[in-house]
Every structure is written in C-alpha cells, then in structure tokens.
Amino acid sequence: MEASGASKILIVGGTGYIGRHVVRASINQGHPTFVYGRPITPQTTPSKLLLHQEFLAKGVTFFQGELDEVAKLVEAVSRADIVISTLAFPQILDQLKIIEAMKVAGNVKRFIPSEFGMEEGRLATHEPFHSYLERKISVRRATEASGIPYTFVAGNCFARYFLHVLFHTYDNQADTIVYGTGETKAVMNLEEDIGMYAVKAADDPRTVNRIVIVRPPKNITSQLELISLWERLTGENLRKIYLSQQEMHKLIQSRPHPDNIRFAILNSVFIDGDTANYELNGDDLEASKLYPDADYSSIDKVVEEFLADPQPFEVAAF
C-alpha cells in the first residue's frame, strides 16, 4: 500500500541483479515506484519479462529508453523525488548522464548512485581492481559536485552471489577453494536486505550527503566459518584447496579480463579483508544501527535458505 505523502522513487536499471531488490523494497515500503530501463524487445530475456510483469502488477510505472535518450531520461527523472541508480558496472560511467538529467529536471531531492559493494573510500587496492573502482569514485565526485543531495550505500558482499561462487553450485566443481588462510573476516549481506536499507536511507534526513555502510554484526564471517556451517547443514565434508595470496596475485596478473577482476575482488574480500578490516567510528552510519527495528537476515539464516532454494546463478554487478 502506498504510504501517505511517500516520496516517489525512480530506479534506473530496476530489472538488473540488485535493481530488482531495490524495486521490491521501494514497493514494500509504500513508495510510488518508477523504473527506467531498456525497451522490451523480442530479444528481452524471459526472466526480465517476468520481472516486468511482476512489477506492473504491483503498480510500478515503467519508462522505456536508453540512457543517451536525454528527453526520455529527463521526463522519467522529473517524475521522481528520489533517483536510485542500480546500473551494472559496464554502465557505471553512464551515471554521468543521469546526473546531467537530474540537473536539467531540477526537482530531485536525493540521488543514490550505483555502488552497493565495498566502501571505495576505505580501500587501498592494486591494479586492475584500482582502475575498476576509480570509475565508481569518479561518479562519487561528480555526484558531490552536482549539488544534488546524495547518499552513498556500501552494501558489501552480495551473499547469495558469493555463496554460488565459493561453493561452485553453478559449475559442479568438486573442490572448495579457500583463499588465503580462510580466516579473514568478510561482510555478507542478503541482496534483499541491501535493497531494503538503500530505500530506507534514500528517504532519511539523517543520511543526506553521507555514506551508509551495511555491516550488521551477525553478517561478519570468515570463509572457514561458512564452510563449517555448510558442512554441518549438508552433512558433507568438503574437499578444500588453499590458494595463497602469492598464487592469487599470479592469477590476477596472468588471467585475461574479466577473470583478473574476479580474482582481484576475491583477493580483496577474502584475503585483504577489505569489507571488515576497518573500524566504524562515531561518524559512520551503519545500517543495522541506523534502523534497529528493520529485520535483516543473518548469514547463518541466509546459508540455510540458500541450501533449501539456491536459485539460478546470475552475474552480479559490483
């Protein structure tokens, strides 16, 4: 049901990997919800068509267009109070077009660019991951320079996606690869919860021009802890192969794109510990503390539900 006076939210890329969860969160929290996305064509995948039908049935208004169709984008932006971009990484710099459209429209009260992964401002990464993140950081700087109020949401690891990757549910590989010692802590959040927190933060006066970090205490875990939980729940003894940081660096340097990026992300998360290796201070906004009444799924619950219903593997947009 639409909440009285609820802000109108436009999600750009709302049928993408994380976008669909943001759309559902916007609907569930009572916001009039709009989606700007590519036109429906005969080449549109069945899964995207189902999402389109689901959202239409729930009252979502769709704007179909490309990001370089300025008039269409401005028209969509002009209908919203809040704009949330959920574009995949290959389109990350296209957000500059969204910023320009918002400046033309002149009505947007908050912009949330497509981040949702690690908190880029706290990372000291190496190539090729550094160049990867520099594009996101350039969008941050353009957002800040635009004068449009913003919120950056660092959602950390997409739990369901990383469970597929770590346990090879999609390629039937028998071995479980342990990165480094397996003891490094990482933050694993359910995709639906990242969407929920993003929508809550988007309409919260406390988060204007701030960074919200999604790091609930029950979702800080290590790879070995995940493996132990997996073995206990399934009754299996997984065969583990340990991959040292030196071996990871060799793979990062030798593998072609995009494999090198994938190994760089795994190294950053599970060896360097970049999602959990810094302290939150009094100035940081942590989502579960900011919204203590909002239910989130602990990583233990996520793993249990994943084993019951793993769902198809999809490439995530970091």
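Residues numbered from 1 in each chain as written. Predicted model: local features only at pLDDT ≥ 70, side-chain atom pairs only at ≥ 80, totals over all residues. Heavy atoms only, no water.

Visitor: Sorry, what's going on with the pattern of salt bridges here?
Guide: Two side chains that carry opposite charge are able to pair once their charged atoms sit near each other. Under the definition given, this model contains 20 salt bridges. For arginine 140, the salt bridge identified is with glutamate 115, shortest N-O distance 2.7 Å. Here the residue arginine 140 occupies a position in helix 5 (residues 129–146), and glutamate 115 occupies one in the loop between strand 5 (110–112) and helix 5, the gap between them amounting to 25 residues. The residues arginine 140 and glutamate 115 share a single accessibility class, namely buried. Among the charged side chains, a network of salt bridges with common partners joins Glu115, Glu119, Glu120, Arg122, Arg140 and Asp284. (Salt bridge = Lys/Arg side-chain N within 4 Å of Asp/Glu carboxyl O. Helix = DSSP H or I, 4+ residues; strand = E, 2+ residues; numbered from the N terminus. Buried < 20%, exposed > 50% of the residue type's maximum accessible area, 1.4 Å probe, protein only.)

Visitor: What am I meant to see in the packing of helix 1 (residues 19–28) against helix 2 (residues 46–57) here?
Guide: Packing of helix 1 against helix 2 brings their axes to within 12 Å, and their N-to-C directions diverge by 10°. When the axis of helix 1 is compared with that of helix 2, the two are roughly parallel. Across from Arg20, Val23, Arg24 and Ile27 in helix 1, the residues of helix 2 making contact are Lys48, Leu51, Glu54 and Phe55. (Axes fitted to C-alpha atoms, helices over the stretch in contact; angles between N-to-C directions. Parallel < 35°, antiparallel > 145°, perpendicular 65-115°, else oblique. Contact = heavy atoms within 4.5 Å.)

Visitor: Explain the pairing of strand 1 (residues 9–12) here, please?
Guide: Within a regular beta strand, the side chains point alternately toward one face of the sheet and then the other, so they alternate between its two faces. On strand 1, burial covers both faces: Ile9 and Ile11 on one face and Leu10 and Val12 on the other are all buried. Between the parallel pair strand 1 and strand 2 (residues 33–37), the chain is carried across by helix 1, and the sense of this crossover is right-handed. Where strand 1 lies against strand 4 (residues 82–85), four bridges are found, and the strand directions are parallel. Bridge pairing in strand 4 links isoleucine 9 to isoleucine 82. (Right-handed = clockwise from strand over helix to strand, strands pointing away. Pairing = 2+ DSSP bridges.)

Visitor: Before we go on, may I ask you to explain the packing of aromatic side chains in this structure?
Guide: Two measures describe an aromatic ring pair: the distance that separates the ring centres and the angle between the ring planes. Using the criterion set out here, one finds 13 aromatic pairs in the structure. Each ring, one from tyrosine 161 and one from phenylalanine 162, has its centre 5.5 Å from the other, and the planes form 90°; the classification is edge-to-face. Across the pair, exposure class does not vary: tyrosine 161 and phenylalanine 162 are buried alike. Ring geometry for phenylalanine 162 and phenylalanine 270: centres 5.9 Å apart, planes at 70°, overall edge-to-face. Here the residue phenylalanine 162 occupies a position in helix 6 (residues 159–167), and phenylalanine 270 occupies one in helix 10 (residues 259–270), the gap between them amounting to 108 residues. Residue phenylalanine 162 is classed as buried on the basis of its relative accessible area of 2%. Three or more aromatic residues joined by ring pairs form one cluster here, namely Tyr17, Phe158, Tyr161, Phe162, Tyr170, Tyr179, Phe270 and Phe313. Just above the ring of tyrosine 291 sits the side chain of lysine 200; from NZ or CZ to the centre is 5.9 Å. Of note, arginine 262 hangs over the ring of phenylalanine 263, and the distance from its end group to the ring centre comes to 4.7 Å. (Phe/Tyr/Trp six-rings, centres within 6.5 Å; stacked < 30°, edge-to-face > 60°. Lys NZ or Arg CZ within 6 Å of the ring centre and 35° of its normal.)

Visitor: Even after reading the chapter, I still don't get the nonpolar core, so can you show me in this structure?
Guide: Most often, soluble globular proteins keep nonpolar side chains buried together rather than apart. Counting 74 residues, the largest nonpolar core has Ile84, Phe116, Tyr179, Met188 and Phe270 as the members making the most contacts within it. Not counting chain neighbours up to four residues away, the residues in contact with phenylalanine 116 comprise Ile18, Ile84, Ser85, Thr86, Val153, Ala154, Gly155, Asn156, Phe158, Ile194 and Ala198. Among the nonpolar cores identified, the runner-up in size contains 20 residues, and Leu73, Val74, Val83 and Phe111 belong to it. (Core = buried A, V, L, I, M, F, W, Y, C linked by side-chain atoms within 4.5 Å.)

Visitor: Got a minute to help me understand helix 4 (residues 95–105) in this structure?
Guide: Helical geometry note: an α-helix holds 3.6 residues per turn, so side chains three or four residues apart project in the same direction. Within the sequence span of helix 4, burial applies to Gln95, Ile98, Ile99, Ala101 and Met102. Down the axis of helix 4, the buried side of the element spans an arc of 160°, and every buried residue falls inside it. (Arc of directions from axis to C-beta.)

Visitor: Sorry, what's going on with the sheet that holds strand 1 here?
Guide: Strand pairing in a sheet relies on backbone hydrogen bonds, with the paired strands running either antiparallel or parallel. Taken together, five strands build an open sheet; the order of strands is 3-2-1-4-5 and the sheet is parallel. Since the sheet does not close on itself, it has two edges, and those belong to strand 3 (61–64) and strand 5, each with one partner. On average, each strand axis in the sheet is inclined to that of its neighbour by 20°, with strand direction left out of account. Direction of pairing for strand 4 relative to strand 5: parallel, over a ladder of three bridges. Bridge assignment links valine 83 to a residue of strand 5, and that residue is phenylalanine 111.

Visitor: Looking at this structure, I do not really get the side chain of glutamate 286. What am I missing?
Guide: By the secondary structure assignment, glutamate 286 is in strand 13 (residues 285–286). Lysine 289 provides the closest opposite charge to the buried, unpaired glutamate 286, separated from it by 5.7 Å. Within the structure, the side chain of glutamate 286 is placed 3.1 Å from the backbone nitrogen of lysine 289, a separation counted as a polar contact. (Lys, Arg positive; Asp, Glu negative; His and termini not counted. Polar contact = N/O pair within 3.5 Å; in protein donor to acceptor, adjacent residues only side chain to side chain.)

Visitor: What's the story with the sheet that holds strand 11 (residues 220–222) in this structure? I'm lost.
Guide: Read from one edge of the open sheet, three strands run 7-9-11, paired in mixed fashion. What marks the edges here is a single partner per strand, and that holds for strand 7 (157–158) and strand 11. With two bridges connecting them, strand 7 and strand 9 (residues 185–189) associate as parallel partners. Paired with phenylalanine 158 across the strands is asparagine 189, a residue of strand 9.

Visitor: Even after reading the chapter, I still don't get helix 1, so can you show me in this structure?
Guide: Here helix 1 lies mainly inside the structure; eight of its 10 residues are buried. Those residues of helix 1 not exposed but buried are Gly19, Arg20, His21, Val22, Val23, Ala25, Ser26 and Ile27.

Visitor: I keep staring at the layout of surface pockets and nothing clicks. Help me out?
Guide: Summary: where empty space remains is shown by rolling a probe the size of a single water molecule over the atoms. Estimates place the volume of the second largest pocket at around 220 Å³. For the second largest pocket, the lining is made up of 14 residues, of which Arg20, His21, Arg160, Gln311 and Glu314 are closest to its centre. At the level of secondary structure, the elements contributing two or more residues to the lining of the second largest pocket comprise helix 1, helix 6 and helix 7 (191–202). A per-class count over the lining of the second largest pocket returns five nonpolar, three polar and six charged. (1 Å grid on protein atoms, 1.4 Å probe; cavity = no way out; pocket = protein on both sides within 12 Å on 5 of 7 lines; lining within 4 Å. Points joined across faces, edges and corners; volume = space filled by probe spheres on them. Nonpolar A, V, L, I, M, F, W, Y, C, P; charged D, E, K, R; others polar.)

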